[in-house]
Amino acid sequence: DNRKPWVPPAEVIAPPVAETPASRVLAAKTELKAQLAEAKSAAGTTISEVLSSSSAATPSGLCFSDDSCYDVFSPLVEEVLAVDYDFPASSKHPAEASLDQVGAAFVGVDVEVPFVRVDVRRNIAGKAWPRAKNGDAAAEVEKTLTCALGAAIPGEYFPVAGSTSFSEKAGGMTADDANKIRKATHSVAGDLLMSEADPKDGRGVYLTHAGDYAAWINHEDHLRLFAQATKGGVGATVLKLLATLQKLKAAAQLTFSEGDRLGALTADPAQAGTALTFALELQCPLVLKNEKLLAAMATSYRVKFDSVVSLVMTYSAPCGQSAIGATRHVLRAIKQLQSLERRLARGGSIFELEDGLGDRPLEGLLDPLACPEKLPDLSNHHSDVAEALRGNPQLYDQLRSARTASGATLARCIKPGLDSEGHAHLPVAGIVAADESCFTVFAPLFDVIINKRLQHPPDAKHETDIAPEKIAVEPFDLDGKYVKEVTYRTGRNLRGLPLASALDVLQRREVERVLVKSLLTVVGDGGGDYYPLRDSSSYAPKPEGMTQEEEEKLAKSGALFLEPDSKVALAAGLGRHWPDARGVFVSATNTWHAWVNEEDHLRIMVKQPGNAFKAAFERLAELLQALEGHVKEADCEFMHNDHLGYLATDVSNLGTGLRVTATLALKHLAADDLEAICQSHELVFSRAGEETVVRNRRVIGKSEVVIVNSMVKGVAEIVKRERECAEAA
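Report follows, based on the coordinates. Here, residues in each chain are numbered from 1, in the same order as that chain's written sequence. Predicted model: local features are reported for residues with pLDDT of at least 70 only, side-chain atom pairs are reported and counted for 80 or more only, and whole-chain, interface and lining totals are derived from all residues. The side-chain figures draw on all heavy atoms in the structure; neither hydrogens nor water molecules are used.

## Looking at the packing of aromatic side chains
How we decide: Ring pairs are drawn from Phe, Tyr and Trp, using the six-membered ring of Trp, whenever the two centres fall within 6.5 Å, and their geometry is named by plane angle: stacked under 30 degrees, edge-to-face over 60, tilted for the rest. Strands here are runs of E lasting at least two residues and helices are runs of H or I lasting at least four, both read from the DSSP assignment and numbered beginning at the N terminus. Only protein chains enter the calculation, and the probe is 1.4 Å; a residue is then buried if its accessible area is under 20% of its type maximum, exposed if over 50%, and partly exposed in between. By the criterion adopted, a ring carries a charge over it if an Arg CZ or a Lys NZ lies within 6 Å of its centre and within 35 degrees of its normal.
The full count for this structure, using the stated rule, is 12 aromatic pairs. With centroids separated by 6.3 Å and ring planes inclined at 40 degrees, the aromatic side chains of Phe278 and Tyr315 adopt a geometry described as tilted. Linking Phe278 in strand β8 (residues 276–282) with Tyr315 in strand β10 (residues 311–316), this pair joins segments that are 37 residues apart in sequence. When its relative accessible area of 0% is taken as the criterion, Phe278 is described as buried. Its relative accessible area of 5% is what places Tyr315 among the buried residues. Ring pairing ties together the aromatic residues Phe64, Tyr70, Phe73 and Trp129, which thus form one cluster. Sitting over the face of the ring of Tyr213, Lys240 holds its NZ or CZ atom 4.9 Å from the ring centroid.

## Observations concerning the environment of Lys249
Among the secondary structure elements, Lys249 is positioned in helix α9 (residues 234–251). By relative accessible area, Lys249 is classed as partly exposed at 33%. Through-space distance from the C-alpha of Lys249 to that of Leu149 is 9.3 Å; in sequence the pair is 100 residues apart.

## Digging into the nonpolar core
Put simply, the test is: Nonpolar cores are built from buried Ala, Val, Leu, Ile, Met, Phe, Trp, Tyr and Cys residues. Side-chain atoms within 4.5 Å join them into one set. What makes two residues a contact is simply this: any of their non-hydrogen atoms within 4.5 Å.
In terms of nonpolar packing, the biggest core is built from 58 residues, with Leu225, Val234, Leu248, Phe278, Met313, Ile334 and Leu337 touching the most fellow members. Contact partners of Leu225, with chain neighbours within four places excluded, come to Val118, Asp119, Val120, Leu149, Ile153, Ala214, Ala215, Leu241, Thr244 and Leu245. Residues Tyr488, Leu515, Leu620 and Leu683 belong to the second largest nonpolar core, which totals 57 residues.

## A short note on the pairing of strand β5 (residues 223–233)
How we decide: Strand pairing follows a simple DSSP-based rule, namely that at least 2 bridges must link the two strands.
Among the 11 residues that make up β5, 8 are buried, leaving the element largely enclosed by the rest of the structure. Pairing between strand β1 (residues 112–122) and β5: 10 bridges, direction antiparallel. What sits directly across from Asp119, in β5, is Phe226. Counting the residues that bridge the hairpin from strand β4 (residues 213–217) to β5 gives 5 residues, and of these Asn218 lies at a positive phi of roughly 60 degrees.

## As for the state of the cysteines
What counts is decided by this rule: When two cysteine sulfur atoms lie within 2.5 Å, the pair is treated as a disulfide.
Tallied over the full model, the rule gives 0 disulfides. Between Cys678, a free cysteine, and Cys725, which holds the nearest cysteine sulfur, the sulfur-to-sulfur gap is 14 Å.

## Remarks on the sheet that holds strand β12 (residues 528–532)
Under the convention used in this document: A fitted line through C-alpha atoms serves as each axis, taken over the contacting stretch for helices, and the angle formed by two N-to-C directions is quoted from 0 to 180°.
Spatial strand order, β12-β13-β14-β15-β11-β18-β20-β19: 8 strands in an open sheet with antiparallel pairing. Only two strands of the sheet have a single partner each, and these edge strands are β12 and β19 (683–688). Across this sheet, the average inter-strand angle for adjacent strands is 20 degrees, counted without regard to direction. Of the strand pairs in this sheet, strand β14 (residues 592–596) and strand β15 (residues 602–609) are connected by 5 bridges, and their pairing is antiparallel. Note on β15: the bridge partner recorded for Ala594 is Ile604. Strands in contact with helix α22 (residues 671–680) are β19 and β20 (691–696); relative to β19, the strand with the most contacts, it is inclined by about 150 degrees.

## Quick word on empty space enclosed by the protein
Heads up, the rule is: With a 1 Å grid spanning the protein atoms alone, the term cavity applies to any set of points in which a 1.4 Å probe fits but cannot get out, the term pocket to an open set with protein on both sides within 12 Å along at least five of seven lines, and the term lining residue to any residue with an atom within 4 Å of a point. Grid points are joined across faces, edges and corners, and a volume is the space filled by probe spheres set on the points. Throughout, the ten residues Ala, Val, Leu, Ile, Met, Phe, Trp, Tyr, Cys and Pro are labelled nonpolar, Asp, Glu, Lys and Arg are labelled charged, and all others, Gly among them, are labelled polar.
Inspection of every chain in the model, using the stated rule, returns 2 cavities of 30 Å³ or more. In this structure, the largest cavity occupies an estimated 50 Å³ of space. For the largest cavity, the full set of lining residues is Pro361, Pro368, Arg412, Lys415, Leu570, Ala571, Ala572, Gly573 and Arg576. Of all elements in the fold, only α15 (410–419) and α20 (567–571) reach the threshold of two or more residues within the lining of the largest cavity. Among the residues making up the lining of the largest cavity, the classes are represented as 5 nonpolar, 1 polar and 3 charged. Empty space within the second largest cavity amounts to approximately 40 Å³. In this structure, the second largest cavity is lined by Gly491, Arg492, Asn493, Asp600, Tyr646, Leu647, Ala648, Asn653, Thr656 and Gly657.

## A closer look at the sheet that holds β8
The 8 strands lie next to each other as β2-β3-β4-β5-β1-β8-β10-β9, forming an open sheet whose pairing is antiparallel. The open sheet is flanked by β2 (155–159) and β9 (304–307), the only strands paired with a single partner. Pairwise comparison of adjacent strand axes, ignoring direction, gives a mean angle of 15 degrees for this sheet. The sheet contact formed by β9 and β10 spans 4 bridges and is antiparallel. Paired with Phe305 across the two strands is Met313, which belongs to β10.

## With respect to the pattern of salt bridges
The condition that has to hold: Salt-bridge detection follows one rule: a side-chain nitrogen of Lys or Arg within 4 Å of a carboxyl oxygen of Asp or Glu.
According to the stated counting rule, one finds 32 salt bridges in the structure shown. Two residues, Asp119 and Arg224, come together in a salt bridge whose shortest N-O distance is 2.9 Å. Placement of the pair is Asp119 in strand β1 and Arg224 in strand β5, with a sequence separation of 105 residues. Classification of Asp119 by relative accessible area gives buried; the value is 3%. The partner of Glu724 in a salt bridge is Arg721, with the nearest N and O atoms 2.8 Å apart. Here Glu724 pairs with Arg721, and both are found in helix α23 (residues 704–728), just 3 residues apart, close to one helical turn. Since its relative accessible area comes to 34%, Glu724 is described here as partly exposed.

Okay, structure coming up:
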């Protein structure tokens, strides 16, 4: 075997680096070092010793000597965790689940990989940690843990060479012992032979007879317990590891160092919490060759990659992530890599490398996380939002620092209209809502645009009425000579989650889960099916998304939606993490379909041939009412208020969000006559050859029933005039 062992990044012993998260915080806040200059932990460790302890070997640049360091150096710890690890002082690590809950979490979703190694770190409460270099304490910990390990997972202990603290092997392990450890633990993720750094006493490697477990004693932490398997399930290995840790704890009646806010306390605060680390081998040869793709994946999933003859991925669970959450995160990364490998093999699109379609937002005038202090030059921009801000720049100053409860910024809302200059003759709104509260937090700007675009002032009310019995039945074109098809389209969004422009991966998957379950319940067995977009890995019954044949069939029927390609849509964030958790639900009768996680959480399209305005509306109303009920059973509801009706990502779809379309065959009616009829009924039209498409203009301020009845009367008048023109000809 000519492969070189690879050592996980957290364990690489390298020369100290100039910059770490801790050093960056201290450079930015010089008062912190002065504030902590005289501080000492219970073990007598100072701030200089905490910082000088082989910073390159710890992700945060800190290495603590006992659990009191978390209190003594708290100002520094809190800054490091908040700035570099997205764990602010207000956050709290979740309570760990039971073993039964952990096992149940991975049923049907676990992934087997060629090699998996998972480890967990723990420190015994009340004992000095290895960094303290307390020989007596280290020897006591060594004795306690070797006895506990022997009782829980029988094996053999090998103190490091030169150690004199373990009487059964005075002088430590031999060269043969070292080779035994290397052979038993060798993998593409490296072996588990501990480095022989000083001090040597109290340190060593425990190895089970089967080689499926190993443990480091008194490395950075008192215990680092490893479970590994060849061709093993990731979730199964985590469960096995946690069960053994629990067994070991009970065998010696151990109490581990823990904090209410941070969970398990470790020598490096960056590894506190669950204190789990994953190292996996994956067979993805095409992904392995694509450095740009690996870099994008590393950034998106916060993992590290290395390679020898196969791909090795490592991940350390951060504070705030439970064992279940960390494992699910790793499983998602694995499935994404496997999906990428399949796409590369068939020459498919790699959205992860494209700004606006992968994890990165579209590069443009605005960063979605924060507005610049000064309003950018909008003199060449053509959108409602650009016009509003040019006309009243004070709005920008008033709102640029505001945030909604979920963290949405003004920048995220107005990015579409500022990143794209637009077209003078076809201006767009240029503003999207990131969550429900955007309409109140940023109301001074949204109100201006909604009133201009939809003629719906801030004090207006919106009426909702989806009663099909109120739809007028006009006795015209009963043979379908003129009205070829009627289509209804409307959208809905789940309250309590961001809108499509701001969903993260997990939130988008939650939208998919709730809506697909509700849709399946509405139609019953055999009434329809859900087809996730090709290469979406979020839907367990179809983990690779729809097939090529299904994709072609949906495209032919007009039910398929594709990735956004306009700058406005990409800047709005509508393509992020494409195609994950997006799909099409199709009824068995092909009379309606629904889009999940396109521009809104849900879009429903109902179509029916001929003059079927009432029949199609009855179907739509029945679907919406049934969905409303099933969504409530999932403790959700659709976003709605008295002022704006049903809320949507795009302000153009507020209110009813209803688009009624009639496809007509008109040969004789003049464009001027058609325009006059449409205006009188608040309709618009477009023509392509002999086909004319008529749509409603208004979506808010009038109810669904009023809009549909206006459409029915307008189309009836159009058909009447067409007949008169045909007879005159």
